[in-house]
Amino acid sequence: MKKTQINFSVDKMAVLCNMIDGEIKARLDSRHNPEKKELYKQMGVINSTPAITRFMHKHPNIFGNKKLINSKFGNIFEEILPISSEYGREIYQKEAIRRLKYSYDLSEEETSDMEVFLDDFWKLSENPEINKIISATEKYKDSIEEIWRHQEDNVIGSVEKVLGYEPEIKGTVSTYIMYPNFNIHRTCQAKSNQTNLFFGKMKERNPNKIIAYLAHQVFHQPVLPYKTTMTKNQKEEFHGFIKFLTDKDVYNMLTGKSYLDIVTQNENPEIMAKIYPYWLGYRYRNADKEGLDSVKQIQKAIDRDKRYYERLPLKSKKRKLYEKYEFDKLDAKKIANFFREKKGINPYQFAKIDFNNKRNIYKNEYIQEVDEAR
């Protein structure tokens, strides 16, 4: 795998959709909390620009329609955000109407209102105020791309080393960078071999975390896609593997810090906790090739993550996220032995492991506890 198939760009309509989506959510989230509303204003999420504020006031029939804009089911801007504007206004509006009619069951009157609204929405994207935001987004995009390209070879080499082989690239990732006043990390499968990533991290200033997040997208669907035969649970477990392989291990490779220091997108704490010890066994199954002891490497990783966990505030969200990792119960020697004859195991074979089996990973004094729980 010579180079990752990832490109970076800015789509003006996607940027606008994300800004308005963020403003809607911020307004709904802070409607009974003046202090929070003021904070959102200071962050530039609410009243991000006068042009958007004027646009929202101009279309009360859209922004006041609870079918289209509500806190429970989202809003129309989430629906149309993935539509590309590269083919021009007419095609963009036709695709937007098609999607919205299907998703929101628009009446004839609502469809007519929506056509006028979308015409104004396109005009908004050409407003000088918005042009300044797009220019700022282009600069942000350039900084993200520079961060990635600087470490791209390093990331590829690290992941390939863990996999034990050079994987085949089966798809591409088109990364659309958003104006970073409202967080977004969203993927859409545009084609069977193309993933679209919409990315913008308002508060994230750590370049190593940005690299780790991008590594996930680069290696997931384009290199290690789900199998059509996978069940929902198997997909979730395989996704957990991808998170350890990319987000967490790449971040550790770049910084030397604990896996727990980076929280992945929509991290499932139960699945990650049960995969964790098996992941460590997989990760260090070929340590002897580097003259290292797999048992010592696994124990070193457990100790590293345990120290991080113990330093977290007792009632913090992050500590709760990792409370099921059971560091003290894990037996590094058993974990290493489980992979002794599995040095050539690939990710799909790894995904077939029974991660609920604690006998392979627990110290002997905790095995009775496992038997009693059955």
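The model shown is predicted, which means the values in this text are computed figures rather than measured ones.

Student: Before we move on, can you summarise the nonpolar core with the specific residues and values?
Tutor: If you look at soluble globular proteins, the nonpolar side chains tend to sit buried side by side. In this structure, Trp148, Tyr276, Trp279, Leu280, Tyr282, Tyr325 and Phe350 are the most contacted members of the largest nonpolar core, which totals 71 residues. It is helix α11 (residues 269–283) that provides the largest number of residues to this core, a total of nine residues. With residues up to four places along the chain from it excluded, the contact list for Trp148 reads Thr4, Ile6, Phe8, Val155, Ile211, Leu214, Ala215 and Val218. Formed by 42 residues, the second largest nonpolar core is a distinct cluster that contains Phe77, Ile83, Trp122 and Ile130.

Student: Tell me about the packing of helix α3 (residues 50–58) against helix α7 (residues 108–125), and name the residues and values.
Tutor: With their axes 11 Å apart at the nearest point, α3 and α7 run at an angle of 170 degrees to one another. Between α3 and α7, the interaxial angle falls into the category roughly antiparallel. Taken together, the residues of α7 that come into contact with α3 (itself represented by Ala51, Ile52, Phe55 and Lys58) are Phe117, Asp120, Phe121 and Leu124. When its residues are assigned to classes, the contact of α3 with α7 shows six nonpolar, no polar and two charged.

Student: I'd like a rundown of unusual backbone geometry, residues and numbers included.
Tutor: Although it is not a glycine, Asn47 adopts a positive phi angle of roughly 55 degrees. Of note, Asn47 is situated in the loop between α2 (34–43) and α3. The phi torsion at Glu326 lies on the positive side, around 50 degrees, for a residue other than glycine. Along the chain, the position of Glu326 falls in the loop between α13 (317–321) and α14 (332–338).

Student: Please provide a residue-by-residue account of the side chain of Gln297, values included.
Tutor: Structurally, Gln297 is set in helix α12 (residues 294–311). Residues contacting Gln297, with those up to four places away along its chain left out, are Tyr284, Ala287 and Leu292.

Student: Which residues make up the sheet that holds strand β1 (residues 6–9), and what values go with them?
Tutor: Within the open sheet, the four strands sit side by side as β1-β4-β6-β5. Their pairing is mixed. Only two strands of the sheet have a single neighbouring strand rather than two, namely β1 and β5 (184–191). In this sheet, neighbouring strand axes are inclined to one another by 20 degrees on average, regardless of whether the strands run parallel or antiparallel. Note: strand β4 (residues 172–177) against strand β6 (residues 194–200), six bridges, orientation parallel.

Student: An account of the pairing of β6 is requested, with residue identities and associated values reported.
Tutor: Counting buried positions along β6 yields seven of seven residues, so the element is predominantly enclosed. Here β6 shows two buried faces, one formed by Gln194, Asn196, Phe198 and Gly200 and the other by Thr195, Leu197 and Phe199. Alignment of β5 against β6, held across seven bridges, turns out to be antiparallel. Bridge pairing in β6 links Arg186 to Phe198. Joining the antiparallel neighbours β5 and β6 is a turn of two residues.

Rules of the game
- Residues numbered from 1 in each chain as written.
- Predicted model: local features only at pLDDT ≥ 70, side-chain atom pairs only at ≥ 80, totals over all residues.
- Heavy atoms only, no water.
- Core = buried A, V, L, I, M, F, W, Y, C linked by side-chain atoms within 4.5 Å.
- Buried < 20%, exposed > 50% of the residue type's maximum accessible area, 1.4 Å probe, protein only.
- Helix = DSSP H or I, 4+ residues; strand = E, 2+ residues; numbered from the N terminus.
- Contact = heavy atoms within 4.5 Å.
- Axes fitted to C-alpha atoms, helices over the stretch in contact; angles between N-to-C directions.
- Parallel < 35°, antiparallel > 145°, perpendicular 65-115°, else oblique.
- Nonpolar A, V, L, I, M, F, W, Y, C, P; charged D, E, K, R; others polar.
- Pairing = 2+ DSSP bridges.

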